[in-house]
Amino acid sequence: MAPSSAVLFSAADSTVLFSASLLDQRASVLGRASSSVFGDALRCCSNSSGDAALRLSKPASQPKHIVANSSTNSVSSKGRVFVPPMHQDNWNNLSLGSRTLTDLGVRELRNANNRLKIFSGTANPQLSQEIACYMGLNLGQIKIKRFADGEIYVQLEESVRGCDVFLVQPTCPPANENVMELLIMIDACRRASAKTITAVIPYFGYARADRKTQGRESIAAKLAANLITEAGANRVLTCDLHSGQSMGYFDIPVDHVYGQPVILDYLASKMISSDDLVVVSPDVGGVARARAFAKKLSDAPLAIVDKRRHGHNVSEVMNLIGDVKGKVAVMVDDMIDTAGTIANSAALLHAEGAKEVYACCTHAVFR
C-alpha cells in the first residue's frame with residue numbers, strides 16, 4: 001500500500017484497516033492507544049517490516065465502501081475525501097455517498113438546517129413569513145408581549161446557540177416601539193449565545209435625520225445606529241436608505257440593497273418607449289438617486305422639481321428644471337410619507353405638459 005494513501009473497507013470479518021503511515025500522520029489525533037477515542041476496541045499488531053496495521057472491531061452492518069487519502073485537507077485534489085478516526089459510537093451514523101461522517105461531520109449534519117434562523121418582530125410579520133418561505137425555512141419561535149405600562153418583553157422559545165440569526169423588524173409606525181422591540185430582540189439573541197446577529201431593517205425610519213440643517217438639532221440616524229450596534233448586532237441589512245452616507249454611521253457592516261429592480265420590471269411591463277421617458281427627481285436631494293435610475297432606463301433624460309419646505313411634512317413646489325412636455329414622467333423617491341411632495345409634483349408635471357406621470361417609491365409609509 002502506498003505510504004500516502006489508505007483504503008478503508010468493510011470486509012467479511014467486519015474490520016477496518018489503516019495504513020501505518022496514515023496513523024503516524026494522525027498521531028496527534030489518536031494520542032496514546034490506551035487513551036484513544038477508540039477505547040478498548042483498538043488493538044495494535046506490528047510486523048518485522050515496520051508496516052503496522054491497526055484493527056478496529058465494529059458492527060457488521062456498516063457502510064462497505066469508502067476511500068480516503070492522507071492529505072491534511074478534507075478533500076484531496078483528486079476529489080477523494082479524507083476520513084479522520086471516528087468515535088466508535090458514530091459507526092452507525094449516516095453515510096454521504098462514499099464519505100463516512102466524522103464526529104465533527106455528524107454534528108454539522110445535525111445542525112445544517114438549524115444554523116440559520118429567522119425571527120420576526122411584530123412590525124411586519126407577513127413580510128417575515130414571506131422571507132422565510134422563500135428561504136425554505138420556518139420562522140423561529142419567539143414570544144413578544146407588552147406589560148401594562150408598555151414595556152416590551154422578548155423571549156426566544158428555541159435555542160440559537162452558535163446560529164446565524166436574522167431579525168426582521170422594520171421601524172415603520174409606531175417607529176419608537178418598533179425600534180425598542182428590535183433592540184430587545186438583539187439583546188435576547190446575544191445573551192442566548194447566537195453566533196452572528198443580523199438586523200434586517202427594510203425601512204430604517206430615522207435615516208431622515210442624517211445631518212444638521214439648523215442649529216441645536218440632533219442627528220437621530222447616528223443615535224439609532226449606535227443603539228443597534230451597542231445592543232449586539234453584528235450586521236445590518238436595510239433597503240433604500242434616505243441617504244447613502246447613513247451607512248457610515250454604523251460601526252458594523254451594512255448591506256444596503258435597492259428596490260430599483262422591482263420598479264424597473266414594472267415599468268418594463270408597461271411597454272413605454274425609451275424616447276418618451278423622462279425621470280423626475282421630486283427634490284434636489286434625490287438627484288443622485290434619480291440619475292442612477294435614469295441610466296438603467298436607456299439613459300433617459302432627467303428633470304428636477306424645485307421644492308421648498310416650510311416645516312416637517314409641509315412642502316411647496318416652486319419650479320421645474322427640465323422638459324417633460326409630451327413625455328411619460330417617472331418620479332423616483334425613497335419614501336412617501338404624507339404624499340404632499342408627490343401630489344404637488346404630479347400636478348406641476350401635468351401642468352407642464354406631461355402626458356403620464358408615474359410615482360415610484362420603495363417605502364410607502366402613508367401617514
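The structure we're discussing is the one just above.
Everything numeric here is computed off the predicted structure, so don't read it as measured data.

Enquirer: Describe empty space enclosed by the protein, listing the residues and the values that go with them.
Expert: In total, this model carries 4 cavities of 30 Å³ or more according to the counting rule given. Of the pockets and cavities examined, the second largest cavity occupies roughly 50 Å³. Elements with a contribution of two residues or more to the lining of the second largest cavity: β13 (235-239) and β18 (328-336). Grouping the amino acids of the lining of the second largest cavity by side-chain chemistry returns 6 nonpolar, 4 polar and 2 charged. Looking at which domains feed residues into the lining of the second largest cavity, each of domain 1 (13-22 + 112-211 + 219-257) and domain 2 (260-364) supplies at least three.

Enquirer: Can you tell me about helix α6 (residues 220-231), naming the residues and giving the values?
Expert: Compared with the 16 Å implied by 1.5 Å per residue over 12 residues, the 16 Å span of α6 between its first and last C-alpha is a close match. Buried residues of α6: Ala-220, Ala-221, Ala-224, Ala-225, Ile-228, Thr-229 and Ala-231, and no others. For α6, the elements touching its buried residues are α5 (175-191), β12 (196-201) and β13. Following α6 by one or two positions, Gly-232 adopts a phi angle in the positive range, close to 125°.

Enquirer: Residue-level account of the sheet that holds strand β11 (residues 164-168), with values.
Expert: Sheet architecture is open: 5 strands sit in the order β8-β11-β12-β13-β14, paired in parallel fashion. Edge positions in the sheet fall to β8 (116-120) and β14 (254-257), since each has one partner strand and no second. Within this sheet the neighbouring strands show an average axis-to-axis angle of 20°, counted without direction. Looking at chain direction, β11 and β12 are connected through 5 bridges and run parallel. Its bridge partner being in β12, Asp-164 is matched across the sheet by Thr-196. Across the sheet, α5 touches β8, β11 and β12, and the angle it forms with β12 is around 165°.

Enquirer: So what about the side chain of Asp-333? Which residues, and what values?
Expert: Tracing the backbone through its elements, the reader meets Asp-333 in strand β18. A relative accessible area of 10% places Asp-333 in the buried class. Here Asp-333 is in contact with Pro-282, Arg-289, Cys-360, Cys-361 and Thr-362, once residues within four sequence places are set aside.

Conventions used here
Residues numbered from 1 in each chain as written. Predicted model: local features only at pLDDT ≥ 70, side-chain atom pairs only at ≥ 80, totals over all residues. Heavy atoms only, no water. 1 Å grid on protein atoms, 1.4 Å probe; cavity = no way out; pocket = protein on both sides within 12 Å on 5 of 7 lines; lining within 4 Å. Points joined across faces, edges and corners; volume = space filled by probe spheres on them. Helix = DSSP H or I, 4+ residues; strand = E, 2+ residues; numbered from the N terminus. Nonpolar A, V, L, I, M, F, W, Y, C, P; charged D, E, K, R; others polar. Domains from an automatic or database assignment. Expected span 1.5 Å × (residues − 1). Buried < 20%, exposed > 50% of the residue type's maximum accessible area, 1.4 Å probe, protein only. Contact = heavy atoms within 4.5 Å. Pairing = 2+ DSSP bridges. Axes fitted to C-alpha atoms, helices over the stretch in contact; angles between N-to-C directions.

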